[in-house]
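An overview of the molecular structure
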Amino acid sequence: MADSRFFWGDKNTMAQSEFYSASNVKEASELLSRFGERANVLAGGTDLMVEVNQRRTPLKTVVFIGRAGLDYIECGEGTLRIGATTTHTDIAASSIVQENAPLLAEAVRSIGSPAIRNMGTIGGNVANASPGADGSASLLALGARVKLISVRGERVVDLEQFFVDIGKTVLAPDELLTEVIVPVQGETTRWTWHKLGQRKASVCAVISLAASLDLEGSTCRSVRIALGTVAPTPFLARRAGELLEGKPLTPSLVEEAARAASEALPDRDGLRATAWYRRRICEVLIKRFLSLDVFPA
Ligand SMILES: Cc1cc2nc3c(=O)[nH]c(=O)nc-3n(C[C@H](O)[C@H](O)[C@H](O)COP(=O)(O)OP(=O)(O)OC[C@H]3O[C@@H](n4cnc5c(N)ncnc54)[C@H](O)[C@@H]3O)c2cc1C
């Protein structure tokens, strides 16, 4: 376990921090158990260091997990297991992910720029709990779960139950998110990823839609429609899913489901769009998705 001290801040506000590099999950868990709320987990640093540089988060005791053996993608028994420090670049380029969870591959491909995707990790994207996190929205649509480990043991939590508020999750201060567990998309699964922003590259979403459903003939099964940047947490449009479940797609049902999703959005104006605009776009995107002609081949 490497340990060094370093200084952070300008000369008037200089703070002393400690840096630990965990070489496995056990070491990382022990450090988090020891330092608790004083610890900052550092993965790629693309969210954390922005917070630190903007003086919104003080660096205390840094626990770096980039060499803790959490960089892997495995597939078996209908499930994809992706280690928390796997970068967006590696996920997007992985043939395993492209074949088994193309929605996730497509979503992480749209994150930031190549430099951000090279550093940013899937665990950091989820643990940071931004309502606009592209990885989180796509994982929510796929019905993913996350594995959380501490010295007290491990637990697996549905992503739906993981997010609490902007920047807040059920992660305890001594817990590490070690893995995302993603059900494999079936051959009959129809899906979409749509990120609407104010420009085409390195874009923060005004709204994003991640949706997935299985079609038995024309009957909808396992419908999951997730939206990013519309609520304090990544948002699952449950009512729309319930309306569609087990029914054949008809124009009136498509209208009803899209309207139900848009009406369920919180009345919350954001930095990049008003609630009114997001509701309109939400309805349009869902109608397009359910109209089938926009499904990827
Ligand atoms: C210029 C720029 C553009 C961006 N564009 C996008 C974008 O288009 N879409 C998007 O979704 N995001 C975007 N981001 C945000 C960021 O790149 C991603 O959220 C990234 O996935 C964060 O991962 P990280 O490894 O860098 O996390 P870090 O910055 O290392 O950590 C983020 C937070 O999560 C905690 N944490 C990290 N890993 C774990 C873990 N395994 N267990 C427990 N806690 C953990 C850290 O303590 C910290 O609080 C952008 C950021 C920048 C700077």
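Residues numbered from 1 in each chain as written. Predicted model: local features only at pLDDT ≥ 70, side-chain atom pairs only at ≥ 80, totals over all residues. Heavy atoms only, no water.

1. Some words on the pattern of salt bridges
- Evaluated as defined, the whole model comprises 17 salt bridges.
- For E175, the salt bridge identified is with R155, shortest N-O distance 2.7 Å. Here R155 lies in strand β8 (residues 153-158) and E175 lies in the loop between β10 (168-169) and β11 (176-183), a separation of 20 residues in the sequence.
- Taking the relative accessible area as the measure of exposure, E175 reaches 6% and is therefore buried.
- The exposure class of R155 is partly exposed, given its relative accessible area of 34%.
- Put simply, K287 and E255 hold a salt bridge, and the shortest N to O gap is 3.5 Å. With a gap of 32 residues between them, K287 in helix α12 (residues 275-290) and E255 in helix α11 (residues 251-264) connect regions that are remote in the sequence.
- The class of K287 is partly exposed, set by a relative accessible area of 26%. (Salt bridge = Lys/Arg side-chain N within 4 Å of Asp/Glu carboxyl O. Helix = DSSP H or I, 4+ residues; strand = E, 2+ residues; numbered from the N terminus. Buried < 20%, exposed > 50% of the residue type's maximum accessible area, 1.4 Å probe, protein only.)

2. A few points about helix α1 (residues 25-35)
- Of all the positions in α1, only V25, E27, A28, S29, L31, L32 and F35 are classed as buried.
- For α1, the capping residue at the N-terminal end is N24, with a side-chain oxygen 3.2 Å from the backbone nitrogen of K26.
- Looking one or two places after α1, you find G36, whose phi comes out positive at around 50°. (Polar contact = N/O pair within 3.5 Å; in protein donor to acceptor, adjacent residues only side chain to side chain.)

3. A look at the nonpolar core
- Counting 37 residues, the largest nonpolar core has I82, V97, L104, L139, V146 and F162 as the members making the most contacts within it.
- Among the nonpolar cores identified, the runner-up in size contains 28 residues, and L213, A261, L265 and F289 belong to it. (Core = buried A, V, L, I, M, F, W, Y, C linked by side-chain atoms within 4.5 Å.)

4. Examining the site of the ligand
- Taken together, 30 residues form the shell around the ligand, and within it V41, T46, D47, H88 and T121 come nearest.
- At a separation of 2.6 Å, an oxygen atom of the ligand approaches a polar side-chain atom of H88.
- Between an oxygen atom of the ligand and a side-chain N or O atom of K195, the distance comes to 2.9 Å.
- Starting from 980 Å² of accessible surface for the ligand in isolation, the protein chains cover 84%.
- Elements with a minimum of two residues in the shell around the ligand: β3 (39-42), α2 (48-53), α7 (122-127) and β11.
- Per-element accounting of the shell around the ligand gives the leading share, three residues, to α7.
- For the shell around the ligand, a count of residues per class yields 15 nonpolar, 12 polar and three charged.
- Both domains that meet at the shell around the ligand, namely domain 1 (2-64) and domain 2 (73-183), each give it at least three residues. (Near = heavy atom within 4 Å. Areas by Shrake-Rupley, 256 points an atom, 1.4 Å probe, with all protein chains shown as cover. Nonpolar A, V, L, I, M, F, W, Y, C, P; charged D, E, K, R; others polar. Domains from an automatic or database assignment.)

5. Considering the sheet that holds strand β6 (residues 79-83)
- The antiparallel open sheet is built from five strands, whose spatial order is β5-β6-β11-β7-β8. Of all the strands in the sheet, the pair left with one neighbour each is β5 (73-76) and β8. When strand polarity is set aside, the average angle formed by the axes of neighbouring strands in this sheet is 20°.
- Sheet analysis places β6 next to β11, joined by five bridges and oriented antiparallel. Across the sheet, residue L80 finds its bridge partner in β11, namely V182. (Pairing = 2+ DSSP bridges. Axes fitted to C-alpha atoms, helices over the stretch in contact; angles between N-to-C directions.)

6. A look at the side chain of T61
- Tracing the chain through its elements places T61 in strand β4 (residues 61-64).
- Leave out the neighbours within four places in its chain, and T61 touches E18, Y20, F35, R38, A39 and N40. (Contact = heavy atoms within 4.5 Å.)

7. Describing the pairing of β4
- Residues T61 and V63 line one face of β4 and the alternating positions V62 and F64 line the opposite face, and both faces are buried.
- Pairing geometry for β3 and β4, over four bridges, is parallel. Within β4, the residue paired with A39 across the bridge is T61.
- For the handedness criterion, the β-α-β arrangement of β3, α2 and β4 is classed as right-handed. (Right-handed = clockwise from strand over helix to strand, strands pointing away.)

8. A look at the domain arrangement of the protein
- According to the domain assignment, the protein consists of domain 1 (2-64), domain 2 (73-183) and domain 3 (191-290).
- Put simply, the middle of domain 1 and the middle of domain 3, counted by C-alpha atoms, are 37 Å apart.

9. Digging into the environment of F163
- The topology assignment puts F163 in strand β9 (residues 163-165).
- Each C-alpha atom, one on F163 and one on K247, is 30 Å from the other, the two residues being 84 residues apart in sequence.
- When sequence neighbours within four positions are dropped, the list of residues in contact with F163 reads V126, A129, S136, K168, T169, T233 and P234.

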